[in-house]
Amino acid sequence: MDNEARNEAASAERTDKTKVGTNVWRFAVQTGFFAGLIWIAVKALESYLRLTKVPSGFMAKPFFREEYLDTAAGYWMGWGVFIIFSILAALVYAAVLRKIRGPWAGLAYGAVWWIVLYGMVGPVTGMMKPAGQLDLTSAITDFCLFLLWGLFIGYSISFEFTDERGHEPSTPVA
């Protein structure tokens, strides 16, 4: 074996040892950010089309006066709070459920968050009326939104960390 072949073999070995997979926490933060950005925009569209009576800034209500949330700055503050919430929710999903394959865990995750927010935390903190007191259109629309939000987070994260194609060698072994 000549010197050049040894150097190539050593270089390939170093490259194999330094290959690193996707950073779980960075990926979860990115996924949560985009989940919050996309789905709060859909929530704003729901409000604009009057499909829900729960405003897009509902998560900021416990921290800010309602008069402030009715202003442009308050509107964007509501977006920011939902994005931060989505990042935290994505980190929780990545820590607990990232190895579960398929879309069902994400759908269930979104449903659980809807139950927590609309059934327990929201009414207690003044974010919204209890789910039973909301009109049917608002409850169904927001439930579907949270299903899709959870699906986005769950399926994005689980696909990244359970996809077997990414672990296959790129060159055929012969």
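These figures come from a predicted structure and were not determined experimentally. (Residues numbered from 1 in each chain as written. Predicted model: local features only at pLDDT ≥ 70, side-chain atom pairs only at ≥ 80, totals over all residues. Heavy atoms only, no water.)

J.: Explain the overall build of the protein chain to me, please; I cannot follow it from the model alone.
T.: Tallying secondary structure elements over the protein chain gives 6 helices and 0 strands in all. Out of the 174 residues in the protein chain, the part that is buried amounts to 34%. When contacts within the protein chain are restricted to residue pairs at least 6 apart in sequence, those whose partners lie at least 24 apart make up 73%. As displayed, the protein chain has an accessible area near 10800 Å², and 64% of this comes from carbon and sulfur atoms. (Helix = DSSP H or I, 4+ residues; strand = E, 2+ residues; numbered from the N terminus. Buried < 20%, exposed > 50% of the residue type's maximum accessible area, 1.4 Å probe, protein only. Contact = heavy atoms within 4.5 Å. Areas by Shrake-Rupley, 256 points an atom, 1.4 Å probe, with all protein chains shown as cover.)

J.: So what exactly am I meant to see when it comes to unusual backbone geometry here?
T.: Even without a glycine there, the phi angle at arginine 50 is positive, about 60°. Tracing the backbone through its elements, the reader meets arginine 50 in the loop between helix 2 (24–48) and helix 3 (66–69).

J.: For this particular structure, what's the right way to read the pattern of salt bridges?
T.: Side chains that differ in sign of charge can pair as their charged atoms come close. A complete count under the given rule lists 3 salt bridges for this structure. The partner of glutamate 46 in a salt bridge is lysine 43, and the shortest N-O contact between them spans 3.9 Å. Of this pair, glutamate 46 and lysine 43 both sit in helix 2, 3 residues apart, which is roughly one turn of that helix. Assigned by exposure class, glutamate 46 and lysine 43 land together as buried. For lysine 61, the salt bridge is made with glutamate 66, and the minimal N-O distance between the two is 4.0 Å. The class of lysine 61 is partly exposed, set by a relative accessible area of 22%. For glutamate 66, a relative accessible area of 45% corresponds to the partly exposed category. One continuous salt-bridge network, built from bridges that share partners, spans Lys43, Glu46 and Asp142. (Salt bridge = Lys/Arg side-chain N within 4 Å of Asp/Glu carboxyl O.)

J.: How do you make sense of the packing of helix 5 (residues 104–125) against helix 6 (residues 136–162) when you look at a structure like this?
T.: The relative placement of two packed helices comes down to the angle between their axes together with the axis-to-axis distance. Where helix 5 contacts helix 6, the axes come no closer than 7 Å and their chain directions differ by 135°. By the angle between their axes, helix 5 is oblique relative to helix 6. For the element pair helix 5 and helix 6, the recorded crossing hand is right-handed. Between helix 5, through Gly106, Leu107, Gly110, Ala111, Trp113, Trp114, Leu117 and Tyr118, and helix 6, the contact on the second element is made entirely by Ala139, Asp142, Phe143, Phe146, Leu147, Trp149, Gly150, Leu151 and Gly154. Residues belonging to the contact of helix 5 with helix 6 are distributed by class as follows: 12 nonpolar, 4 polar and 1 charged. (Axes fitted to C-alpha atoms, helices over the stretch in contact; angles between N-to-C directions. Parallel < 35°, antiparallel > 145°, perpendicular 65-115°, else oblique. Left-handed = near helix turned anticlockwise from the far one by under 90°. Nonpolar A, V, L, I, M, F, W, Y, C, P; charged D, E, K, R; others polar.)

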